[in-house]
Structure formats: structure tokens, C-alpha cells
Amino acid sequence: MILFFFMVSTTMREQDMLVKFTLPAATEVQKLEKKSLASYIYIGQPIPSLQAKHGTAPRIQLNDSYKTTQDILEFVASERDKLSENERLQMTVSIKADFMTRMGIITDVKQELRKANALKVQYAAQKTLGYEPM
Amino acid sequence: MARKIQEINAGSMADIAFLLLIFFLVATTMNVDSGIQRVLPPMPDPNQKQEAMDVKKRNIMLVFVSKFDNIMVGGERMDITQLKDKIKEFVLNPNNDPDLPESEMTKIDLIGNYPVSKGVVSLQNDRGTSYNLYIMVQNELTRAFNEIRDEVSSQRFNGMKFMDLSEEQRSAVQKAVPLKISEAEPRNIEGGK
């Protein structure tokens, strides 16, 4: 029984995480509709084992390696090629960034996405029922 | 003598199921992809001369988040807890205040005539603003619009919440209450009071 549960409710873990991040919390979140049409951009500090080499400044990870904002255009183009014509319009880029990131890097990523014409974005967040009083 | 029908040895089935279970446990994640959806504005065409968008001042609500994580809405400093109500008041403009947006009576299928607000929330942030606060602000803006949509949907569709409506009913309410959140072109804004 549990087997069937796992078979239907999980997805194959696609990529090794090279950055660690804690998603911010939000109440008004929606589920990403079609996972097959989603591309992911991870932003966070490098994982502890890689911190010695790369330091602790926030990095961008696309698929499975560290990248910079200049690589985003190429990344979007290659993700687009994997989809068929009519699916391209529905492609959503999910930005999974650590909650402590500063907006500078996020704004750069968004500008690159606009240049690449990947306009549907989703700011990944964990669903909470309410905020704790600050 | 009738031969007993060869039965499949059920013991090994359990083993296979167990192995598959272990496999799924280690190789997958219950990746729930939830988040706040947004549509980014397309890049302005550098060749095309930018015609200044003629939006009346009353139709814009500027929400600015500084790098010290302070929020300023329409010129006044505000706490995040007050943001949602301020936005709702802006979009609904219940008393037809001339400083708040105009609305346009539009005929929408399934709803009939509805005063669609012309108001736009313009969101600006500094490069030093924390992502966490940015998301919280986006969340509160979304919450304001979602609450208005719930109110419209219970008024026009018998007390049902927006999420419980059918596909067509939902798009009708979306036309009545469009998610007009625009993000300004990024530029470096110094300081924060």
C-alpha cells in the first residue's frame, strides 16, 4: 500500500543540490500546475561541503552547476527547446531562493528572465497558515 | 487425481514490493512546488520610443520596500500588517473617493455588469531589501486581491469561495478583479527613512 502511495505522490529527485536554501513562507501560494513545464533556478549559499571552495556569498544554481546571471539566457533557451511549440508559452520558471537573499541578485535574475522572454515566474515559498508576530 | 493448481509463491511478491518501496524512498522527494505566481512585464523595446504611459495619479498605488526593510505605501510609512487593508481599500474604492482609482463598468459573462477598477499597484524594491520581506509583501498584495475575489464570488455565485468555482466562473471573477501588480524598472534607490 505504502508503495503505491510513494509511486503516485513523489517525483524523481532530479538534481543534486549545490546550494542550500530555506524557502520563505507565504499564505497565498498556489501549486505549480505542470511540473514538466517548470524550470528551476536555485539561489542560496553553497552547501557546507563546498563552502571552503566557493565561500558563503549567495550563488545561482541552474540544473546542476553554479552559474551566473549571464548564463540564464542560455539556460532558458535550452529549457525551451525541450518543450514542444504550444507548451513553450506555458513554461514557468520557479525561483527557489533562500529567504535571506538580498533583492539585488533576485532582481538581476528577473531582468535576465525578461530578456529571455520567460515571463511566467513563480516565487517558490512554503505554505504557512499565518505569520508569527515579528 | 486432480492436480493442484500451481499457485504463485506470494512470498516473493512481498519482497519485490519491499525492494521497490526502498527504492522509491531513497530516489524521490515529495517535492511540493508551491509558490506565488507572477507574470513579469516584457522588456521594453530599446528601438521603440517609450511613450509615457498616461496613468492618472489616482490610479497608481506605489508600494516601496526600502533596503532597511521599511514599507512605504502611497507616500506614508506603514507596517506590513496594514498593507492588505490599504490595498483592498485602493482597489474597491467603496466611497468613490477622487484620490482612489476610477472604475469602469464592464459587462462580464456570468457576472453581468461589474465596476472593474483601473487601479494598479506599483511595487518597487531596493537591491538591499531582503527577499523574505519582498515575498511577504507580494503575499499581502496577493491576499488583498484574493480576499476581494472571494467577496465578489460569494456575492455573485451564492456564497461560494473563489477556489470552489468552476473554470469559467473563476475566469469571470478574474476579469472582474484583475491582479494588477506591476513592478517598476529596477534602479538603485539609496537610503530609507
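Structure first, text after, so check above.
Just so we're clear, the structure is a prediction, and the values are computed from it rather than from any experiment.

Colleague: Pulling in residues and values, what's your account of helix α2 (residues 80-92) of chain B?
Modeller: Owing to its 3.6 residues per turn, the α-helix aligns residues three or four sequence positions apart on the same side. Residues and elements named next belong to chain B. Taking 1.5 Å per residue as the helical rise, α2 with its 13 residues ought to reach 18 Å, and the 19 Å between its terminal C-alpha atoms agrees with that figure. Those residues of α2 hidden inside the fold are in contact with β3 (60-65), β4 (71-73), β5 (76-78), β7 (112-117), β8 (120-125) and α3 (131-156). Positive backbone phi, approximately 45°, marks asparagine 93, located one or two places after α2.

Colleague: Can you lay out the pairing of strand β9 (residues 120-124) of chain A for me, pointing to particular residues and giving the numbers?
Modeller: For a regular strand, side-chain orientation follows a simple rule: the groups alternate between the two sheet faces. Counted residue by residue, β9(A) has 4 buried out of 5 residues, so it is predominantly covered. Where strand β8 (residues 92-97) of chain A and β9(A) come together, 3 bridges link them in parallel fashion. Looking across to β9(A), one finds that Ile95(A) is bridged to Tyr123(A). In this fold, the crossover linking β8(A) to β9(A) by way of helix α5 (residues 103-115) of chain A has right-handed handedness. In the sheet, β9(A) pairs with strand β2 (residues 34-39) of chain B via 5 bridges, with the strands oriented antiparallel. From the neighbouring strand, Lys120(A) faces β2(B), where its bridge partner is Val39(B).

Colleague: Now, about the packing of α2(B) against α3(B): what can you tell me, with residues and values included?
Modeller: Residues and elements named next belong to chain B. Two numbers describe how α2 lies on α3: the axes approach to 9 Å, and their chain directions differ by 40°. Relative to α3, the element α2 is oriented oblique. Of the two elements, α2 crosses α3, and the hand of that crossing is right-handed. Of α3, the residues touching α2 (which contributes Ile80, Leu83, Lys84, Ile87, Lys88, Val91 and Leu92) are Leu133, Met136, Val137, Glu140, Leu141, Arg143, Ala144, Phe145, Glu147, Ile148 and Glu151.

Rules used throughout
Residues numbered from 1 in each chain as written. Chains lettered and ligands numbered in written order. Predicted model: local features only at pLDDT ≥ 70, side-chain atom pairs only at ≥ 80, totals over all residues. Heavy atoms only, no water. Helix = DSSP H or I, 4+ residues; strand = E, 2+ residues; numbered from the N terminus. Expected span 1.5 Å × (residues − 1). Contact = heavy atoms within 4.5 Å. Buried < 20%, exposed > 50% of the residue type's maximum accessible area, 1.4 Å probe, protein only. Pairing = 2+ DSSP bridges. Right-handed = clockwise from strand over helix to strand, strands pointing away. Axes fitted to C-alpha atoms, helices over the stretch in contact; angles between N-to-C directions. Parallel < 35°, antiparallel > 145°, perpendicular 65-115°, else oblique. Left-handed = near helix turned anticlockwise from the far one by under 90°.

Geometric values such as these leave the question of function open.
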